[in-house]
Amino acid sequence: MVSARRSFEGMLPIAALARLCDMLAASEGVVEYALDFGRDSLGISYVDVRAEASLTVICQRSLEPFALPVVVNTRLGLIKQERDEAGLPPECEPLLVAEDGRLNPADVIEDELLLALPLVPVNPDSSLPDDVTGHEMEEEFSSEGRSENPFAVLRELKK
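Structure report, in brief. Note that the structure is predicted; figures quoted are calculated from it, not measured.

1. Here's the deal with the sheet that holds strand β1 (residues 7-13)
Read from one edge to the other, the open sheet built from five strands follows the order β1-β2-β3-β4-β5, with strand pairing classed as mixed. Only two strands of the sheet have a single partner each, and these edge strands are β1 and β5 (92-96). Averaged over neighbouring strand pairs, the angle between their axes works out to 30° when direction is ignored. Those strands touched by helix α2 (residues 105-116) are β1, β2 (30-39), β3 (45-58), β4 (65-79) and β5, and its axis lies near 120° from that of β4.

Below you can see the structure in the form of structure tokens.
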């Protein structure tokens, strides 16, 4: 595939990616992907991985599921031994392939999606409940006639 500079693109069901499904709240949907194999000017074999998916994860703030758009665009340098990693250009991530040079494209896509998932997914549209943030308590204090300035008590003591 590298010598022929082959390219592949298509869609892969998220449900077919077992390790990824273990990290998700739901496994419906598809991953759109493109893989481009080749050699750079230094003769280093690579695969460019592009993938897009909407993954359903649990928001760690609200504990509700939400759709997280994930986009992967990376170049992986294909190496057969770990010591070959030092010869890769800085923009290349290493990918250790078997001695026969074969790799499973679905595994590569799944690995990159797993790496793209945040450690703590948080829905940007979510907010903490009032009992956690204390907004209700603030309203109670202000309705009791307390000053909003936390230093007002000190000012009174100083007099």
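2. Concerning the packing of aromatic side chains
Each pair of aromatic rings is reported with the distance of its centres and the angle of its planes. Under the criterion given, the structure shown has one aromatic pair. Summarising the aromatic geometry, the rings of F8 and F37 are spaced 6.2 Å apart at their centres and angled 85° between planes, so their arrangement reads as edge-to-face. Remark: F37 occurs in strand β2 and F8 occurs in strand β1; sequence separation between them is 29 residues. The class of F8 is partly exposed, set by a relative accessible area of 28%. F37 sits in the buried class, given a relative accessible area of 4%. Stacked on the ring of Y46, the Lys or Arg R75 has its end atom at 3.7 Å from the ring centre.

3. Considering unusual backbone geometry
Leaving glycine out, the prevailing phi sign among residues is negative, and the prevailing peptide bond configuration is trans. Although it is not a glycine, R5 sits at a positive phi angle of roughly 55°. Considering the arrangement of structural elements, one finds R5 in the segment before β1.

4. A look at the pattern of salt bridges
Considering all chains together, one arrives at five salt bridges under this definition. Taking the shortest distance from any N to any O, the salt bridge between D36 and R50 comes out at 2.8 Å. Here D36 is found in strand β2, whereas its partner R50 is found in strand β3, with 14 residues between them in sequence. For R50, a relative accessible area of 32% corresponds to the partly exposed category. A salt bridge links D48 to R75, with the nearest nitrogen and oxygen atoms 2.7 Å apart. You can see D48 sitting in strand β3 and its partner R75 sitting in strand β4, a full 27 residues away along the chain.

5. Describing a nonpolar patch on the surface
Nonpolar side chains collect at one region of the surface, where F151, V153, L154 and L157 lie side by side and expose about 460 Å² of accessible area between them. Considering the arrangement of structural elements, one finds L157 in helix α5 (residues 152-158).

6. Some points on the nonpolar core
In terms of nonpolar packing, the biggest core is built from 28 residues, with L20, V31, V47, V49, L55, L78 and L113 touching the most fellow members. Elements with a contribution of two residues or more to this core: β2, β3, β4 and α2. Not counting residues within four places of it along the chain, the set of residues in contact with L78 comprises V2, F37, S45, Y46, V47, L95, V97 and L103.

Definitions and limits used
Every chain is numbered on its own, with residues counted from 1 as its sequence reads. In keeping with the predicted nature of the model, local features appear solely for residues at pLDDT of at least 70, side-chain atom pairs appear and are counted solely at 80 or more, and the whole-chain, interface and lining totals rest on all residues. Just so you know, side-chain values use all the structure's heavy atoms and leave hydrogens and water out. What makes two strands pair is DSSP finding at least two bridges between them. Helix and strand labels come from DSSP, where a helix needs a run of H or I of at least four residues and a strand needs a run of E of at least two; each type is numbered from the N terminus. For helices, the axis comes from a line fit to the C-alpha atoms of the stretch in contact; other axes are also lines fit to C-alpha atoms, and the angle between any two N-to-C directions lies between 0 and 180 degrees. Residues count as neighbours in contact if any of their non-hydrogen atoms are within 4.5 Å of one another. Pairing of aromatic rings covers Phe, Tyr and Trp, the last counted by its six-membered ring, and requires centre-to-centre distances within 6.5 Å; plane angles under 30 degrees mean stacked, over 60 mean edge-to-face, and any other angle means tilted. Each residue gets one of three labels from its accessible area relative to the maximum for its type: buried under 20%, exposed over 50%, partly exposed in between, using a 1.4 Å probe on protein chains only. Note on geometry: a ring has a charge over it if NZ (lysine) or CZ (arginine) is within 6 Å of the ring centre and within 35 degrees of the ring normal. In what follows, salt bridge is the name for a side-chain nitrogen of Lys or Arg lying within 4 Å of a carboxyl oxygen of Asp or Glu. To count toward a patch, a residue needs a relative accessible area above 30% and no salt bridge. Like charges then connect within 9 Å, nonpolar side chains (Val, Leu, Ile, Met, Phe, Trp, Tyr) within 5 Å. Here the Shrake-Rupley method, with its probe set to 1.4 Å, supplies the accessible areas, and only the displayed protein chains count as covering residues. For the purposes of this section, nonpolar cores are sets of buried Ala, Val, Leu, Ile, Met, Phe, Trp, Tyr and Cys residues that join through side-chain atoms within 4.5 Å.

Everything listed is a geometric property; what it means functionally is a separate question.
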